[in-house]
Amino acid sequence: QVQLVESGGGLVQPGGPLRLSCAASGTIFSITAMGWYRQAPGKQREWVASITAGGSTNYRDAVKGRFTISSDNAKSTVYLQMNSLKPEDTAVYYCISVGQDRYWGQGTQVTVSS
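Conventions adopted
Residues numbered from 1 in each chain as written. Predicted model: local features only at pLDDT ≥ 70, side-chain atom pairs only at ≥ 80, totals over all residues. Heavy atoms only, no water. Pairing = 2+ DSSP bridges. Helix = DSSP H or I, 4+ residues; strand = E, 2+ residues; numbered from the N terminus. Axes fitted to C-alpha atoms, helices over the stretch in contact; angles between N-to-C directions. Phe/Tyr/Trp six-rings, centres within 6.5 Å; stacked < 30°, edge-to-face > 60°. Lys NZ or Arg CZ within 6 Å of the ring centre and 35° of its normal. 1 Å grid on protein atoms, 1.4 Å probe; cavity = no way out; pocket = protein on both sides within 12 Å on 5 of 7 lines; lining within 4 Å. Points joined across faces, edges and corners; volume = space filled by probe spheres on them. Nonpolar A, V, L, I, M, F, W, Y, C, P; charged D, E, K, R; others polar. Polar contact = N/O pair within 3.5 Å; in protein donor to acceptor, adjacent residues only side chain to side chain. Contact = heavy atoms within 4.5 Å. Salt bridge = Lys/Arg side-chain N within 4 Å of Asp/Glu carboxyl O. Buried < 20%, exposed > 50% of the residue type's maximum accessible area, 1.4 Å probe, protein only.

Peer 1: I'm lost on the sheet that holds strand 8 (residues 77–82) in this one. Help?
Peer 2: Strands in a sheet are paired, the pairing made by backbone hydrogen bonds, and the direction either parallel or antiparallel. What the four strands build is an open sheet, ordered 1-3-8-7; its pairing is antiparallel. The strands lining the two open edges of the sheet, one partner per strand, are strand 1 (2–7) and strand 7 (67–72). On average, each strand axis in the sheet is tilted by 15° relative to the strand beside it, whichever way the strands run. Of the pairings in the sheet, the one linking strand 1 to strand 3 (residues 18–26) comprises six bridges and is antiparallel in character. Bridging across to strand 3, Ser7 finds its partner in Ser21.

So this is what it looks like as structure tokens:
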């Protein structure tokens, strides 16, 4: 099994930055990709960004140019650097690992508000 622990959420003003972290433990050798999803109140969970074990990245159109996903394999940690945040980015952000199975973190709240 894989355990994922997110951190770094909080309250930020519009236009500000925030960096989320997701630390993986357990059978991390089985992971082929990791990513971030988010769920705003009253909305379905949506994919935000992903990174493969080889380092390839993909982003949903709404965050391209503002968010950057990266990984530190030595620390088994994936990051989501979020810049130029907008109120519509407000959501609970979840980390996911993909391999033989999918595992989710517990989520971290991001609130963009003045």
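Peer 1: Mind showing me how you'd approach the packing of aromatic side chains here?
Peer 2: What describes a pair of aromatic rings is the distance from one ring centre to the other and the angle between the planes of the rings. Evaluated as defined, the whole model comprises two aromatic pairs. Summarising the aromatic geometry, the rings of Tyr37 and Trp104 are spaced 5.0 Å apart at their centres and angled 70° between planes, so their arrangement reads as edge-to-face. Of the two residues, Tyr37 sits in strand 4 (residues 33–39) while Trp104 sits in strand 10 (residues 102–104), which places them 67 residues apart along the sequence. Each residue in the set Tyr37, Tyr94 and Trp104 is aromatic and connected to the rest through ring pairs, giving one cluster. Above the face of the Tyr94 ring, Arg45 is positioned so that its terminal group lies 3.7 Å from the ring centre.

Peer 1: How should I be thinking about the layout of surface pockets in this particular structure?
Peer 2: To find leftover empty space, a probe the size of one water molecule is rolled over the atoms. There is about 270 Å³ of room inside the largest pocket. Forming the walls of the largest pocket are 16 residues, and the residues nearest its centre are Ile31, Met34, Ser71, Asn73 and Val78. Looking at the lining of the largest pocket, the elements with two or more residues in it are strand 4, strand 5 (46–52), strand 7 and strand 8. A breakdown of the residues in the lining of the largest pocket according to their chemical character gives eight nonpolar, seven polar and one charged.

Peer 1: Any chance you could explain the side chain of Thr77 here in plain terms?
Peer 2: Note on placement: Thr77 falls in strand 8. At 2.9 Å, the side chain of Thr77 and the backbone oxygen of Lys75 are in polar contact. Apart from the residues lying within four places of it in its own chain, the contact partners of Thr77 are Ser21, Cys22, Ala23, Ser70, Ser71 and Asp72.

Peer 1: Honestly, the pattern of salt bridges in this entry has me stumped. Any pointers?
Peer 2: Where charged atoms of side chains with opposite charge meet at close range, the side chains can pair. Scanning the model with the defined rule gives five salt bridges in all. Between Glu46 and Arg60 there is a salt bridge whose closest N-O contact spans 3.6 Å. Separated by 14 residues along the polypeptide, Glu46 in strand 5 and Arg60 in the loop between strand 6 (57–59) and strand 7 bring together distant segments of the chain. Of the residues examined, Glu46 reaches a relative accessible area of 27% and is grouped as partly exposed. For Lys64, the salt bridge identified is with Asp61, shortest N-O distance 3.1 Å. Residue classification places Asp61 among the exposed residues on the basis of a relative accessible area of 64%.

Peer 1: How should I be thinking about the pairing of strand 7 in this particular structure?
Peer 2: Walk down a regular strand and you will see the side chains alternate between the two sheet faces. Where strand 7 lies against strand 8, six bridges are found, and the strand directions are antiparallel. The residue of strand 8 that forms the bridge with Asp72 is Thr77.

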